[in-house]
Amino acid sequence: MNSHEIDYRILGGDIQVLEVELDPNETVIAEAGAMVYMEEGIAFETKMGDGSEPDQGFMGKLFSAGTRLITGESLFMTHFTHRGGYGKTRVAFSAPYPGTIIPVDLRDLPAGLIVQKDGFLAAARGTKISLHFNQRIGAGLFGGEGFILQKLTGDGKAFIHAGGTIIEKRLNNGLLRVDTGCVVAFEPGIDFDITRAGGLKSMIFGGEGLLLATLRGTGRVWLQSMPVKKLIQALAPNGGNARKESGGMLGGMFDSLTEQ
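Values in this document were obtained by computation on a predicted structure and should not be read as measured data.

Criteria and cut-off values
Residues numbered from 1 in each chain as written. Predicted model: local features only at pLDDT ≥ 70, side-chain atom pairs only at ≥ 80, totals over all residues. Heavy atoms only, no water. Pairing = 2+ DSSP bridges. Helix = DSSP H or I, 4+ residues; strand = E, 2+ residues; numbered from the N terminus. Axes fitted to C-alpha atoms, helices over the stretch in contact; angles between N-to-C directions. Phe/Tyr/Trp six-rings, centres within 6.5 Å; stacked < 30°, edge-to-face > 60°. Buried < 20%, exposed > 50% of the residue type's maximum accessible area, 1.4 Å probe, protein only. Polar contact = N/O pair within 3.5 Å; in protein donor to acceptor, adjacent residues only side chain to side chain. Contact = heavy atoms within 4.5 Å. Salt bridge = Lys/Arg side-chain N within 4 Å of Asp/Glu carboxyl O.

Enquirer: I keep staring at the sheet that holds strand E4 (residues 35-38) and nothing clicks. Help me out?
Expert: Across a sheet, strands are paired by hydrogen bonds formed along the backbone, either parallel or antiparallel in direction. Spatially, the 4 strands line up as an open sheet ordered E1-E2-E7-E4, and their pairing is antiparallel. Of all the strands in the sheet, just strand E1 (7-11) and E4 have a single pairing partner and so form its edges. Within the sheet, the average angular offset between the axes of one strand and its neighbour, ignoring direction, is 20°. In this sheet, strand E7 (residues 89-93) lies alongside strand E2 (residues 17-22) in antiparallel orientation, the contact comprising 5 bridges. By the bridge assignment for E7, leucine 18 is matched with phenylalanine 93.

Enquirer: Just to check I follow, could you spell out the sheet that holds strand E5 (residues 42-48) for this structure?
Expert: Sheet architecture is open: 6 strands sit in the order E5-E6-E3-E10-E13-E8, paired in antiparallel fashion. Each end of this open sheet is capped by a strand with a single partner; those strands are E5 and strand E8 (100-105). Across this sheet, the average inter-strand angle for adjacent strands is 20°, counted without regard to direction. As defined by bridge partners, strand E3 (residues 27-31) adjoins strand E6 (residues 76-82) across 5 bridges and the pair is classed as antiparallel.

Enquirer: In this structure, what is going on with the pairing of E1? I would like to understand it.
Expert: Relative to E2, E1 runs antiparallel, the two being bridged by 5 bridges. Its bridge partner lying in E2, tyrosine 8 is registered against valine 20. Between E1 and the antiparallel strand that follows it, E2, lie 5 residues; glycine 12 among them carries a positive phi value of about 95°.

Enquirer: Help me out: how do you make sense of the packing of aromatic side chains in this one?
Expert: Any two aromatic rings considered together are summarised by their centre-to-centre distance and by the angle between their planes. The tally for this structure, following the rule as stated, stands at 4 aromatic pairs. Through a chain of ring-to-ring contacts, the aromatic side chains of Phe44, Phe80 and Phe93 assemble into a single cluster.

Enquirer: Is there a simple way to think about unusual backbone geometry in this case?
Expert: Both trends apply: most residues other than glycine have a negative phi, and most peptide bonds are in trans. Residue asparagine 25 is not a glycine yet carries a positive backbone phi of 70°. A relative accessible area of 53% places asparagine 25 in the exposed class. Positive phi outside glycine occurs at asparagine 173, with the angle close to 55°. For asparagine 173, the position within the fold is in strand E14 (residues 166-179).

Enquirer: Honestly, the side chain of threonine 89 in this entry has me stumped. Any pointers?
Expert: Mapped onto the elements, threonine 89 comes out in strand E7. Judged by relative accessible area, which is 2%, threonine 89 ranks as buried. Engagement of the side chain of threonine 89 in a polar contact is seen with the backbone oxygen of glutamate 40, the distance being 2.8 Å. With residues up to four places along the chain from it excluded, the contact list for threonine 89 reads Val20, Glu21, Leu22, Glu39, Glu40, Ile42 and His82.

Enquirer: What's the story with the pattern of salt bridges in this structure? I'm lost.
Expert: Two side chains carrying opposite charge are able to pair once their charged atoms lie near each other. One pass over the structure, following the stated rule, counts 9 salt bridges. Residues aspartate 23 and lysine 88 are paired through a salt bridge, measuring 2.6 Å at the closest nitrogen-oxygen approach. Of the two residues, aspartate 23 sits in the loop between E2 and E3 while lysine 88 sits in the loop between E6 and E7, which places them 65 residues apart along the sequence. Since its relative accessible area comes to 25%, aspartate 23 is described here as partly exposed.

See the structure below:
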């Protein structure tokens, strides 16, 4: 189905809110619990799946929605529809942690967009959200970031969320090495893999972790400066200092010893 044509604005600086403006009978879909406020005339309903295939049978909807559980997301999504008789009305969304909202026009991405499993925030109804498995051996062996992803396809607006500052990089048959948690989204023309971070000394004392994401090919890549795992480490008592003082691997050993 064709996506609904929604208008929007993004409010705020470091901690942003997405406000979507709906005409009568227009619908926006969002992750469960993302809504901040909604004006008069909007009705919301929790459904299985994204609603991109309205004629799909129950088992098909159950299978499509069930794949979201593999990514760690809710089985259900919330559909917000303008049921008023006339005029415009608005609904707003925010992500579960501070960061930046990236608007994406999927008409400019005919092959779709690959998004990290917790990156999707909201989209116009008609956007298809499906599971995407990374076929690269490294990502499969090490799991975690980069192995189980989401793919967004359609012809309308979609909104993804990232922590901290957003950096958009364009690769032209190029190579980029990134902290595994800093990759937010990339075009399907990019090959994504997980590789070992340097030699043994760098892995133990570098403080950058054991693995790096390697992005290779042609297309756009969106990165985040503050993935949620780094935010948690920074807020955890003594967690950040221990890692800074003793490196990534030894920092983890230090945490384990102090918890006993």
